[in-house]
Amino acid sequence: MVQQKNKKGAYMALLACVVMLCGIILLENICVMLPQDSVPNVLKPTSQLFAVLKKGAVYSLAAVSMNLLNGFTGLFSLGQAGFMLLGAYTYAILSVPVADRAAVYYLYGGSAVNFSFQDMFGSIFGTEGVGGAVSMGLGVMIAMILAGCVAAMFAYFIGLPVLRLKSDYLAIATLGFAEIIKAVFQWQALGPVTNGANMIKSFPTFSSFNITDASGKVVLRLATFFPFLISTICIAMICLLINSTYGRAFKAIREDETAAEAMGINLAKHKMLSFCTSAFFAGVSGAMFAMFVTNAQAKVYTTTMTYEILLIVVIGGIGSISGSVLATFLYVACSEWWLRFLDSETVIGGVKLPFLRAGFRMVVFSIIIMIIVLFFRKGIMGDKELPDLLKRRTRKEAAK
Amino acid sequence: MEFAISVLISGISVGGQYALIAIGYTMVYGILRLINFAHGDVFMVAGLLGIYLTASMPLYLSMPLVLVFTVLLGFCIERAAYKPLRSAPRMSVMISAIGVSYLIQNTATYITGGQPMTYPVIPFLSDTVKIAGTSTKWVTILTPFLVLLLVVALTQLINHTKTGMAMRAVAKDFETAQLMGIRINTIISITFIIGSALAAVGSMLYFTNFQAITPTAGALPGLRAFVAAVVGGIGSIPGAVVGAFIIGICENVIKSTEFTVFSDAGTFALLILILVLKPTGLFGEKVTDKV
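Cut-offs applied
Residues numbered from 1 in each chain as written. Chains lettered and ligands numbered in written order. Predicted model: local features only at pLDDT ≥ 70, side-chain atom pairs only at ≥ 80, totals over all residues. Helix = DSSP H or I, 4+ residues; strand = E, 2+ residues; numbered from the N terminus. Rg over C-alpha atoms; globule rule 2.2 N^0.38 Å. Buried ≥ 20, exposed ≤ 12 C-beta atoms within 10 Å, placed from the backbone. Contact = placed C-beta atoms within 7 Å. Axes fitted to C-alpha atoms, helices over the stretch in contact; angles between N-to-C directions. Parallel < 35°, antiparallel > 145°, perpendicular 65-115°, else oblique. Left-handed = near helix turned anticlockwise from the far one by under 90°. Nonpolar A, V, L, I, M, F, W, Y, C, P; charged D, E, K, R; others polar. Expected span 1.5 Å × (residues − 1). pLDDT = per-residue confidence, 0-100. Arc of directions from axis to C-beta.

Asks: Would you explain the overall build of chain B in this entry?
Replies: Helix and strand counts for chain B come out as 11 helices and four strands. Its C-alpha atoms give chain B a radius of gyration of 19 Å, near enough to 19 Å, the size a compact globule of 291 residues would have. Taking the principal axes of its C-alpha atoms as reference, chain B extends roughly 60 × 45 × 35 Å. Going through the 291 residues of chain B one by one, you find that 49% of them count as buried. Across chain B, every contact between residues at least 6 apart in sequence was considered, and the portion connecting residues at least 24 apart equals 75%.

Below is the structure:
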């Protein structure tokens, strides 16, 4: 019975994901189908909506991976930005086309890594037309997986000494590692690989996934679809992990370490597993973040970024995946789009509204966050998932 | 030789300034078991207050006012953001601290417009002096002595007054102290007040040396001071001071070599080394976990 119900739930979830992804493709391309002058501004490809959706997709993966560690395993780690940086740089270094390397690394007289996956596949499938698309797609995929792997590998070595520490010591040590990684990537001596403190650019970004015809006109937009696809797959994998025996072990560790150990859970092994998995997905999301901002630069991945992601996790509810995803989109939409009006001086009826000038948006925003942190400590979802809420509602309706 | 002396002197001076911030961290951690992430930002606000107040009034009025307002800010933060969470899990309080830090930084960006502000020149402190062949500011020479003076005063307060005794009791055991009739909230407020006052003094010394203040100017000194507190053994005031001097000197030594980018990385490497080898720090007490 339980088995059947689970299966039904899984199919429903799969269906929901497919519907959502199709919806995104439709939303992105609707402006082509509608007559040219009746397209509302929101749906134009340059609209804030798509920037928000892309950033939301990237951040939701980062938030969920942080939630896996902080919410489900109870390890308070603040190294997220460091792992994202590792992912972003790995992706960037492995995907800048060989032809562009001299231009990107001009300060160091070319790159030490003269190879990119895209070119490698290009020599097999060709660089034009469908072959070019296939080689780019494969190249990006493999670079992203490697980005995750590098982050996970670093996490393993960092975890060896650090995971023995308790709560806030762990937080500060992981924070420290993120800072160290940032410094290493800005080091001049590593310039031929990391381009020093300069940014790495000209690698495939989200808009490279738009399908164009021979004249360069966009036929089918997939720029928003791509991050959604990757994030959906990764978050689904995290969900599967959490619902497995490993996930139950993680939750046991969160509830009580000593009791969990007494029940025969190998603490070191499971903590390390959770830490590395979280770092893997943080690395993938870092690679996507690099694609989103179209460059990779170490100074962007600050502690503030980690704090931002942590606050998203808290707003969504610590220990709720759907909560994290929801909160990410709310957070990104508020900070990038809906609260924008607070930043510009507005005059209504000849009276200039007080306080409205650059920066006010973030003040209002952080006050809202403080209110949530202080008075709605459970966040949007608490530790429940979206299906739980739906289920309860149908049950209530049935009772009526 | 002269170069080495100047590096050492500036290291000791910066270390002293970190020590003043680190005491705030270590006292709060000792009592609440909370990393007060907002403390670095309180330090930054003290710097900004210094700029705004000296612009409109003479120094002998503005500097005490900076002290008063910073103390008020620390007090308000504790009352508004930490007190409601007294019975909540430790993680919630830490998140609240991160939220406060975020709020202060954003408010500072809003008020200053995000531009770096220049700290006013304080006469005498900013004057240059020649010592052992290297010229430096008076503040550099005075800092270590001032720090030692303040720390001695503070340890006297903690070891020989009734309030100090109450503080030690609360740090030892929160609930028992409450049962013995100690007013926890007052004690915690006093802790925050002392911490903020020292941070304000620290900001006057620190920003006389590093004059540009941006809204994030407090974050890094704050983190370094926290690391100092951990290295010295969190909860211990002499430990925090010794740790701060170690961190300050290490940072300046690394900065004087070709590995300048690694000055912060070195600080954190030291932290991790200490945490792994001696998790309680140099002067920390050994704690045993109760199940």
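Following the structure, the description resumes.
Asks: Sorry, what's going on with the overall build of chain A here?
Replies: Regarding its fold elements, chain A presents 16 helices and four strands. Its C-alpha atoms give chain A a radius of gyration of 22 Å, near enough to 21 Å, the size a compact globule of 400 residues would have. Within chain A, buried positions represent 44% of all 400 residues. Partitioning the contacts of chain A with sequence separation of at least 6, the portion at a separation of at least 24 is 73%.

Asks: What am I meant to see in the packing of helix 2 (residues 48–72) of chain A against helix 12 (residues 267–293) of chain A here?
Replies: Two numbers describe a pair of packed helices, the interaxial angle and the distance between the axes. All names here are of chain A. At a minimum axis distance of 8 Å, the contact between helix 2 and helix 12 shows a crossing angle of 165°. Between helix 2 and helix 12, the crossing angle belongs to the class labelled roughly antiparallel. The two elements helix 2 and helix 12 cross, and the hand of that crossing is left-handed. Contacts between helix 2 and helix 12 involve Lys54, Lys55, Val58, Leu61, Ala62, Ser65, Met66, Leu68 and Leu69 on the former and, on the latter, Ser274, Phe275, Thr277, Ser278, Phe281, Ala282, Val284, Ser285, Met288, Phe289 and Phe292. Classifying every residue of the contact of helix 2 with helix 12 by side-chain character gives 13 nonpolar, five polar and two charged.

Asks: Hey, could you run me through the interface of chain B and chain A in this one?
Replies: Contacts between the two partners involve 35 residues from chain B, matched on the other side by 33 residues from chain A. At the level of elements, helix 4 (90–112), helix 9 (219–232) and helix 11 (263–277) of chain B are the ones that each hand at least two residues to the side of chain B that touches chain A. Considering every element that reaches the side of chain B that touches chain A, the biggest residue donor is helix 4 of chain B, with 15 residues. Of the residues in the side of chain B that touches chain A, the class split is 25 nonpolar, eight polar and two charged.

Asks: It is not clear to me how helix 7 (residues 167–185) of chain A should be interpreted in this structure. Could you clarify?
Replies: With 19 residues, helix 7 of chain A should cover 27 Å at 1.5 Å per step; its first-to-last C-alpha distance of 28 Å lies within 8% of that length. Counting buried residues along helix 7 of chain A, 15 of its 19 residues qualify, which places the element largely inside the surrounding structure.

Asks: Explanation requested: unusual backbone geometry in the structure shown.
Replies: In terms of backbone geometry, most residues other than glycine have negative phi values and most peptide bonds are trans. With a phi close to 65°, Asn195(A) is a non-glycine residue in the positive phi region. Looking at where Asn195(A) falls in the secondary structure, it is placed in the loop between helix 8 (191–194) and strand 1 (211–212).

Asks: What is the right way to read the confidence of the model for chain B from this model?
Replies: Atomic detail in the predicted coordinates should be set aside for any region of low pLDDT. Counting all residues, the mean pLDDT for chain B is 87, and 97% of those residues have values of 70 or more. Taken element by element, the predicted model of chain B shows its lowest mean pLDDT in strand 2 (residues 128–131) of chain B (75) and its highest in helix 3 (residues 59–82) of chain B (92).

Asks: Honestly, the packing of helix 7 of chain A against helix 11 of chain B in this entry has me stumped. Any pointers?
Replies: Following both chains from N to C, one finds helix 7 of chain A and helix 11 of chain B inclined at 145°, their axes separated by 8 Å at the closest point. When you trace helix 7 of chain A past helix 11 of chain B, the crossing you get is left-handed. Contacts from Tyr169(A), Ala173(A), Gly176(A), Glu179(A), Ile180(A), Ala183(A) and Val184(A) in helix 7 of chain A reach Asp264(B), Ala265(B), Phe268(B), Ala269(B), Leu271(B), Ile272(B) and Leu275(B) in helix 11 of chain B. Among the residues making up the contact of helix 7 of chain A with helix 11 of chain B, the classes are represented as 11 nonpolar, one polar and two charged.

Asks: Sorry if this is basic, but what is going on with the environment of Ser123(A) here?
Replies: All names here are of chain A. Tracing the chain through its elements places serine 123 in helix 5 (residues 117–125). Judged by local crowding, serine 123 falls into the exposed class, with 9 C-beta atoms found within 10 Å. A sequence separation of 12 residues divides serine 123 from serine 135, and the C-alpha atoms of the two residues are 8.6 Å apart.

Asks: Where do I start with helix 10 (residues 245–255) of chain A in this structure?
Replies: An α-helix turns once every 3.6 residues. As a result, residues three or four positions apart point the same way. All names here are of chain A. Taken together, the buried positions of helix 10 are occupied by Ala249, Phe250 and Ile253. Axial view of helix 10: buried residues confined to an arc of 105°, hence all on one face. Away from its buried face by more than 90 degrees, helix 10 exposes Thr245 and Glu255. Lining the buried residues of helix 10 we find helix 2, helix 11 (257–262) and helix 12.

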